[in-house]
Structures are given as structure tokens and as C-alpha cells.
Number of protein chains: 2
Amino acid sequence: MKVQIEAEGGSSTAESRERLLEAAGQLMAERGTTDISLSEIAARSGVNSALVKYYFGNKAGMLMALLRRRLGQGMADLQQLLKMDTSPQDKLRIHISGMVNTYYQYPYVNRLMHELANEPSGDYGKQIAEEISLPVAKAQRAILEEGRAKGIFREVDPLVFYFMIVGACDQLFHSRHQARHVFGLEEINDDLKRRYVSELCNNLIRGISADPRAN
Amino acid sequence: MKVQIEAEGGSSTAESRERLLEAAGQLMAERGTTDISLSEIAARSGVNSALVKYYFGNKAGMLMALLRRRLGQGMADLQQLLKMDTSPQDKLRIHISGMVNTYYQYPYVNRLMHELANEPSGDYGKQIAEEISLPVAKAQRAILEEGRAKGIFREVDPLVFYFMIVGACDQLFHSRHQARHVFGLEEINDDLKRRYVSELCNNLIRGISADPRAN
């Protein structure tokens, strides 16, 4: 059965899966919404929409696979970051920069996480928490504790810090119409992204520093 | 025509409008989504769904009216706050507390703003920016400038500060499943909300202070 479907599609399983995921990601990024249909994904990818069910179970399963693809490298980088021989401040800067870069490149990922977590079918909320949110929260806690042990950071609530960082990193990209109407920005380009990361890190790191004038 | 419809509905225009808005708000808060149908709103309110078109033009118009209802008082309070004889730090605390309280009570408002802004029909993005986002950004800028003039705050980028505050205030309520799976919180109650506001304000105000140890 598998061989037959692949032969009909005219490409290998890996290629078709890849094309479906790429098409879904492109459509969400272009439209500024996660509300895309299977037939649109099929039309863009040139892959029969029946293969979504075959490869991923259903559309939500495909979007979960896309999320893993988009965030996997960042999660691996985050684990490497914890082992790096650099200051807790620099670890936070690198972490925040990585998170903003992800939202800049794939502005739909945070919305997709929320929607999949609220999806009645499947157990995506738990999967997303275990594979993504929990490792991020743990990494942040480790950096905060390292800074605290070294006398660089004061005691801060990791829960508040987590939601502050995720919310602040996401909001700019989630609200492109506000950037336009309120601040007159026609697009969010590399320059704005760099300025955002730099100022955001300054504010956040000063906010939790034992002696913020040193930063 | 108007009188006839009202007579059929068995209640005054003001009452029916109110019941429709209340029903839409309740459904979005209960479901944790803004994806509610006209027939659900009609069933909950006991008001014929045809009246949505009659009173508000369409569903998006009704949701825009709901947004104005939910945020109107906060916007008026914000203008009063600017005139208060209190420190810039306290003005920020009151502003942030008011924003978190709004999201706590009506967790759907930020999502609704984004969805209406992206709605192809109507010009909601511009209306929301002019009536809500721009006044909020202007108020924050006024507080930041007052603090800067008094030597209390350092120079900060109002754009970054705006997205930081809105994102941080919204994210906790937007991500209830993360609060549950990552931090083991079954519900966001008054205690957590107060702790969140207090820590968030400490971090934010220290982050922008000229001498953060004074706060």
C-alpha cells in the first residue's frame, strides 16, 4: 500500500513529507494566520492531500511535525548554550536572540503552539510542554540560578520571567499591524529585529541584576 | 422596521444588544477561543442571530463593539492616570496592574484585537490602533518621558517597552496550558495574578531605572 501511494505521488516519502511541511509553513507565514486548509497545502505542495492523513494522521499531526522541525535546532542549541563557558548575562542574550530569530523567521510558531495545545484531538498540549516549553523554562531557570550563585542576578520568579520573555519576544511579530499603525513601521526588518533584541536584553538583564548599573 | 423587530424579540434594543455582547464574551472566556459561531451566540443570549446583522452589521462588528465595551473604562482610567499626582514608577505599576486585570477578567481581548485587525472586511486594524493601541503607547511614552525628565528612568525605546509590556501581560493568560503543564498551576487565581503583577513591575521598573537599586 505504501509503495503504491509513493509511486502515484511520483516522489519519495521523505520528499513528499518535506514538501507538505514546507508548503504549510510558507502559507502560514505569508497569510499571517494559522488558518490554512488541506486543499491549499495540497495545491501549494503539489502533493495529494490524502497523504497528509497517511504520513501524519491528520492536519494537526502535520502541524505538530512542522513545529518540531522549526524548533528542533533551537532546542538543541539551547542545551549546548547551558554548557558554554560564558557569563549568565551572555547566555540570556544568546537565548533571547535565538527566540526572537525563530519568531522573526517563523512568525506562526507561537500561535501554532497555542492552537495545537487547545486542539481537542490528540495530546499536543502535553507534548508541546514536554518537548518545548518545559526545556525552555528549565534552561532559563538554570541560567537564573547560575547568575544568582555568582552574585550577578538577584532572586527572581522563574515563572514570571518565563512569561515575560516569551511574551515580549513573540508580541512584536504577533502584532505587525500594531507595529505599522502605532509606530509607523511598514515592515519588521533585520535592523529593527537587532534593535529589539538589544534593547529587550538590556531591559531584562538590568531588571534582574543584583547591581544593574554594572550591565 | 426597527420597532417591529424589537417587538418580536420581546425586549428593547439596548437589552438585546447587551445580551448578545455578554453571550459572546462569556462563550469566548469559557472556551478559551475566539472561534464561536453566531448560532451559539444566539442560543446563549436568547436573541435571534439576525439581530446581530441589524445592530452591528456583522459578527466582526459585534466583536468590535464588545472590545470597545471591555476596554473603554480602562482607556478612560489611563487618561486619568496621566494626570495623577504620583511618581512615574507608581503610574507604571497602576498601568500594568490595570492591563493584567483586564486580561485576567477577559482573557480573549488581545486575541480578539489581533483577529479583528487581520479581518479582511472593515477597517478594524486602523480603528483598534487609533482607539486602543495608540493611546496606550502614548500614555506609556508620557510616563517614560516624565521619569526621564525627573532623572528616575534612563532613556529607553518606547517601541520595545510597549511590546514588552503588552506581551508580558498577555502571555500568562494566553498560555494557560503552559502554566499548567510547565509550572503545575491548575488555575490562574487572584494570588498568582497579584504575584505576577508585583514581580513583573519590579523587573520592568528596575530594567529602565536610572538607578535601579533605588526601586
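Residues numbered from 1 in each chain as written. Chains lettered and ligands numbered in written order. Predicted model: local features only at pLDDT ≥ 70, side-chain atom pairs only at ≥ 80, totals over all residues. Heavy atoms only, no water.

Moving on: the overall build of chain A. Regarding its fold elements, chain A presents eleven helices and zero strands. For chain A, the N- to C-terminal ordering of α and β elements is α-α-α-α-α-α-α-α-α-α-α. Across its three principal axes, chain A shows a C-alpha extent of roughly 65 × 40 × 30 Å. Residues classed as buried in chain A amount to 51% of the 215 residues present. A separation of at least 24 residues holds for 70% of the contacts in chain A among residues at least 6 apart in sequence. Here chain A displays about 9,600 Å² of accessible surface, and carbon together with sulfur accounts for 48% of that area. The distance from the centre of the 27 positive side-chain charges to the centre of the 27 negative ones in chain A is 2 Å. (Helix = DSSP H or I, 4+ residues; strand = E, 2+ residues; numbered from the N terminus. Buried < 20%, exposed > 50% of the residue type's maximum accessible area, 1.4 Å probe, protein only. Contact = heavy atoms within 4.5 Å. Areas by Shrake-Rupley, 256 points an atom, 1.4 Å probe, with all protein chains shown as cover. Lys, Arg positive; Asp, Glu negative; His and termini not counted. Charge placed at Lys NZ, Arg CZ, Asp CG, Glu CD.)

Residue and element names in this part refer to chain A. Split by domain assignment, chain A resolves into domain 1 (1-57) and domain 2 (68-214). The C-alpha-based centres of domain 1 and domain 2 are spaced at 30 Å. Roughly 680 Å² is buried in total at the junction of domain 1 and domain 2, and carbon and sulfur atoms are behind 50% of that figure. Remark: the boundary between domain 1 and domain 2 carries two salt bridges. Where Arg-69 meets Glu-18, a salt bridge forms, and the shortest distance between an N and an O atom there is 2.4 Å. (Domains from an automatic or database assignment. Buried area = accessible area lost by both parts, 1.4 Å probe. Salt bridge = Lys/Arg side-chain N within 4 Å of Asp/Glu carboxyl O.)

We now examine the pattern of salt bridges. Residue and element names in this part refer to chain B. As enumerated under the stated definition, the model contains 22 salt bridges over all chains in all. For Glu-30, the salt bridge is made with Arg-44, and the minimal N-O distance between the two is 2.8 Å. Pair noted here: Glu-30 is in helix α2 (residues 13-31) and Arg-44 is in helix α3 (residues 38-45), with a separation of 14 residues, a long-range link. A relative accessible area of 54% means that Glu-30 is categorised as exposed. Overall, the relative accessible area of 37% leaves Arg-44 in the partly exposed class.

Where interface size is quoted, it is often the accessible area lost as the parts come together. Listed as interface residues are 53 residues of chain A and, on the opposing side, 53 residues of chain B. Summing the contributions of chain A and of chain B, the shared interface buries around 4,600 Å²; its carbon and sulfur component is 63%. At the boundary of chain A with chain B, the tally comes to two salt bridges. For Asp157(B), the salt bridge is made with Arg195(A), and the minimal N-O distance between the two is 2.6 Å. For the pair chain A and chain B, the number of links is ten residue pairs in polar contact (both at pLDDT 80 or more). Looking at the side of chain A that touches chain B, the elements that each hand over two or more residues are α7 (109-117), α8 (124-149), α9 (158-174), α10 (176-183) and α11 (190-208) of chain A. (Polar contact = N/O pair within 3.5 Å; in protein donor to acceptor, adjacent residues only side chain to side chain.)

Residue and element names in this part refer to chain A. Interaxial distance between helix α5 (residues 59-83) and α8 falls to 11 Å at its minimum, and their mutual angle equals 15 degrees. It follows that α5 is roughly parallel to α8 by the angle criterion. The chirality of how α5 crosses α8 is left-handed. Of the residues in α8, those touching α5 at Ala-60, Gly-61, Met-64, Leu-67, Arg-68, Leu-71, Met-75, Leu-78, Gln-79 and Leu-82 are Tyr-124, Gln-127, Ile-128, Glu-131, Ile-132, Pro-135, Val-136, Ala-139, Ala-142 and Ile-143. Class assignment of the residues belonging to the contact of α5 with α8 gives a composition of 15 nonpolar, three polar and two charged. (Axes fitted to C-alpha atoms, helices over the stretch in contact; angles between N-to-C directions. Parallel < 35°, antiparallel > 145°, perpendicular 65-115°, else oblique. Left-handed = near helix turned anticlockwise from the far one by under 90°. Nonpolar A, V, L, I, M, F, W, Y, C, P; charged D, E, K, R; others polar.)

What follows is about the nonpolar core. Within the largest apolar cluster, 140 residues are counted, with the highest numbers of intra-cluster contacts made by Leu67(A), Leu200(A), Leu67(B) and Leu200(B). Leu67(B) has contacts with Val109(B), Leu112(B), Met113(B), Leu116(B), Ile128(B) and Ile132(B), leaving out every residue within four places of it along the chain. (Core = buried A, V, L, I, M, F, W, Y, C linked by side-chain atoms within 4.5 Å.)

A separate point is the side chain of Lys193(B). All names here are of chain B. Mapping Lys-193 onto the fold places it in helix α11 (residues 190-208). In this structure Lys-193 is buried but unpaired, with Asp-190 as the nearest side chain of opposite charge at 4.2 Å. Not counting residues up to four positions away in its chain, the partners in contact with Lys-193 are Val-100, Asn-101 and Tyr-104.

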